[in-house]
Amino acid sequence: MPTLTTTVDGLNLPNPFVIGSGPPGTNLNVISKAFQEGWGAVIAKTVSLDASKVVNVSPRYGKLHASDGKEVIGWENIELISDRPFKLWEEEFKKCKDLHPKGVLIASIMEEYRKDAWIEIVERCQATGVDGFELNFSCPHGLPERKMGAAMGENPEIVNEVVAWVMSAAKIPVWAKMTPNITHIEEPGRGALKAGANGLSAINTIRCVMGVNLDTLRPEPCVDGYTTPGGYSSRAIKPVALRMVMECAQLIRREFPGRSLSAIGGVESGNDAAEFILLGADTVQVCTGVMKFGYEHIKPMCEQLLAFMAKHKFETPADFKGKSLDYFTTHADLVRRQAGRKSAQKSAAASKAVRSDAEWSGSDFVKQSDSLAH
Ligand SMILES: Cc1cc2nc3c(=O)[nH]c(=O)nc-3n(C[C@H](O)[C@H](O)[C@H](O)COP(=O)(O)O)c2cc1C
C-alpha cells in the first residue's frame, strides 16, 4: 500500500499537501479547519511586526473565467500581507500548537530591510512553537512600494543578506519563497541557499492586470475608478510554475543536494501535485484552490495522488521525486534526437504534419497548427 506520509527538513507531514500562505491560513479558525480536514501542513498568512501599516482595499480580487463563463481559470489579487496585529498572531500561533500539537505550522514572515526587525520577528515567532519559517520575498504588489516582498526577492544579494540574518537566529527549518517576476529564478534561489536556507518555495503570484471593463473603460479590479497591477494565481499559472519549479530543482540537484523544494502555482488536484513532485518538489502548496473548492478538497487530492502512485507502484512521494527532471535538454539536442529516429519521420509524414515553414497555407491553417500539437 502506498503512503503519502513524508518527512521534509525533519518535519513529519501526513501528506505533501500544504496550505499556501494567503486567505486559507489567515487566522486560527481557518488554520484549525485545515488541520481538521487533514492538510499536511499550514503556512499561515504572511505576518509583519507592524500591521498598522497594512491597509487593504475592496474589491481586491479579480477572476478570469473559461469560455463557459463559470469555471475560474485565473485569479488576480491585490491583497496585502496580514492586517492583524502581530501580538494577536503570537497568541494564535501558541494556541494553534496547543490545539494541534502534531500539526505542522509554518509562519510566513516579511519585514523591512533591517537586520534587527528580521531577527526580532524570527525570535518572537519561534518562541510561540511554530515548526518552520517561510520568508516572503515575493509579494508583487503594495509591499514593494515599501521595499519589501518582491522588491527584496528580485535582488539576489539582498536575498542572500536577509536569509543570513534569519539563519543567525532561526532554530527551525527556513524556506525562502521566490518571486516569479524575474528572468532567472535560480539567481535569488542561489542567494538564499548559499546563505543556508533549508529550502526554496516557488512560486508566488505573477504580476498581472486582470482586464479592462469595456463598459466603463476602467481596468479591474476597480477601486473607486482605479486599479494597480496585482498577483496572478490559479490554474492558468501552472505551466509557468512547473517551469520555475523545474529550474529551482535543477539548481538544488546541481549545487545544493539535500535542500528541499515546496512547489506552488495552480495546484488543484492530485495529478497536479504528482507533476510537481516529478519535477523535484518535496511538498506542494495550494492557495487559490482552497478559495475555489474549500478545505474538504484535500480528500480527493490525496485519493488521486495515491491512485497515481499505485498505478506506477511508487510506495512514497520520495520514490518519484525528480523522476522527470532528467528529460529536459536543449533544443539542439531535440533536433539531434529527432534526426536519429527514422520511424518518427515516417509517422510525421503520414500524419501530414507541417515539415517546413514553406508548407503552411492560409486555408488549412488551423488544421496545420493542430498537426504540430502534442
Ligand atoms: C488572495 C491571495 C493572497 C495571498 N497572500 C499571500 C501572502 O500573504 N503571502 C504569500 O507568501 N503569498 C500569498 N499569496 C500567494 C500564494 O501563497 C501562492 O504563492 C500563489 O497564489 C500561487 O498559488 P495558487 O495558484 O495555489 O494560489 C496569496 C495569494 C492569493 C490568491
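Residues numbered from 1 in each chain as written. Predicted model: local features only at pLDDT ≥ 70, side-chain atom pairs only at ≥ 80, totals over all residues.

## Section: the site of the ligand
What counts here: Defining nearness, a residue is near a molecule or strand when the C-beta atom obtained from its backbone falls within 6 Å of it. Helix and strand definitions here come from DSSP, where helices need a minimum of 4 consecutive H or I residues and strands a minimum of 2 consecutive E residues; each element is numbered from the N-terminal end. Side-chain classes follow a simple rule in which Ala, Val, Leu, Ile, Met, Phe, Trp, Tyr, Cys and Pro form the nonpolar group, Asp, Glu, Lys and Arg form the charged group, and the remainder, Gly included, forms the polar group.
If you check the shell around the ligand, you find 27 residues, and the closest are G20, G22, S233, C287 and T288. Counting residues per element, the ones that place at least two in the shell around the ligand are strand 6 (72–77) and helix 9 (288–293). For the shell around the ligand, a count of residues per class yields 9 nonpolar, 15 polar and 3 charged.

## A word on the sheet that holds strand 11 (residues 206–208)
What counts here: Two strands are said to pair when DSSP picks up at least two bridges between them. Between N-to-C directions, angles cover 0 to 180 degrees, with each direction set by a line fitted to C-alpha atoms, over the stretch in contact for helices.
Here we have 4 strands laid out as an open sheet, ordered 5-6-14-11, and antiparallel in their pairing. A strand with exactly one partner marks an edge of an open sheet, and here the two such strands are strand 5 (61–65) and strand 11. Taking each pair of neighbouring strands and ignoring which way they run, the sheet shows an average axis angle of 35°. Across 5 bridges, strand 5 lies against strand 6 in antiparallel orientation. Its bridge partner being in strand 6, H65 is matched across the sheet by V72.

## Re the domain arrangement of the protein chain
Quite often, the size of an interface is put as the accessible area lost when its parts meet. Definition in use: An automatic or database domain assignment provides the domain bounds reported here.
With domains assigned, the protein chain is organised as domain 1 (6–325) and domain 2 (331–371). Spacing between the C-alpha centres of domain 1 and domain 2 amounts to 40 Å.

## Remarks on the pairing of strand 10 (residues 199–202)
Selection rule: Each residue is classed by its C-beta neighbour count within 10 Å, where at least 20 other C-beta atoms makes it buried, 12 or fewer makes it exposed, and intermediate counts make it partly exposed; the C-beta atoms are placed from backbone geometry. Place the viewer so that the strands point away; then a crossover is right-handed whenever the path from the first strand over the helix to the second strand goes clockwise.
Of the two faces of strand 10, the one carrying G199 and S201 and the one carrying L200 and A202 are both buried. In terms of strand pairing, strand 9 (residues 174–177) meets strand 10 through 3 bridges, oriented parallel. Along strand 10, the bridge assignment pairs K177 with S201. Between strand 9 and its parallel partner strand 10, the chain crosses via helix 6 (residues 186–194), and the hand of that crossover is right-handed. When strand 10 meets strand 15 (residues 260–264), the two strands line up parallel, connected through 4 bridges. Residue L200 lies in a different strand from strand 15, and its bridge partner there is L261.

## Some remarks on the packing of helix 3 (residues 115–126) against helix 5 (residues 156–169)
Condition: Just so you know how the angles are binned, under 35 degrees is roughly parallel, over 145 roughly antiparallel, 65 to 115 roughly perpendicular, and the rest oblique. Throughout, a crossing is termed right-handed when the near helix is turned clockwise from the far one, and left-handed when it is turned anticlockwise from it by less than a right angle. Throughout, a residue-residue contact means that the two C-beta atoms, derived from backbone geometry, are no farther apart than 7 Å.
Where helix 3 meets helix 5, the axes come as close as 9 Å, and the angle between the chain directions of the two elements is 40°. Our classification of the angle between helix 3 and helix 5 gives oblique. Note on packing geometry: the crossing formed by helix 3 with helix 5 is right-handed. Residues K115, W118, I119, V122 and E123 of helix 3 form the contact with helix 5, whose participating residues are V162, W165, V166 and A169.

## As for the confidence of the model for the protein chain
Rules: The predictor's confidence in any single residue is recorded as pLDDT, a number from 0 to 100.
Summary statistics for the protein chain give a mean pLDDT of 95 and a share of 98% for residues scoring 70 or more. Model confidence for the protein chain, summarised as mean pLDDT per element, is weakest for helix 13 (residues 342–350) at 64 and strongest for helix 8 (residues 270–278) at 99.

## Quick word on the nonpolar core
Applied cut-off: By definition, a nonpolar core groups buried Ala, Val, Leu, Ile, Met, Phe, Trp, Tyr and Cys residues that connect through C-beta atoms lying within 7 Å of each other.
Of all hydrophobic cores here, the largest spans 90 residues; its most connected members are V42, A176, L200, A202, V245, C248 and F276. No other element matches the 9 residues that helix 7 (residues 238–255) contributes to this core.

## A closer look at helix 7
Since the α-helix advances by 3.6 residues per turn, residues separated by three or four positions end up pointing in the same direction. Heads up, the condition is: Expected helix span is computed as 1.5 Å times (number of residues minus one).
Over its 18 residues, helix 7 runs 25 Å from end to end, which matches the ideal 26 Å to within 8%, given 1.5 Å per residue. Burial in helix 7 covers these residues: K238, A241, L242, M244, V245, M246, C248, A249, L251 and I252. Buried residues belonging to helix 7 abut helix 6, strand 10, strand 15 and helix 8.

## Focus on the environment of K292
Tracing the backbone through its elements, the reader meets K292 in helix 9. Residue classification places K292 among the partly exposed positions, given that 16 C-beta atoms sit within 10 Å. Considered as a pair, K292 and T330 are 38 residues apart in the sequence and their alpha carbons are 37 Å apart.

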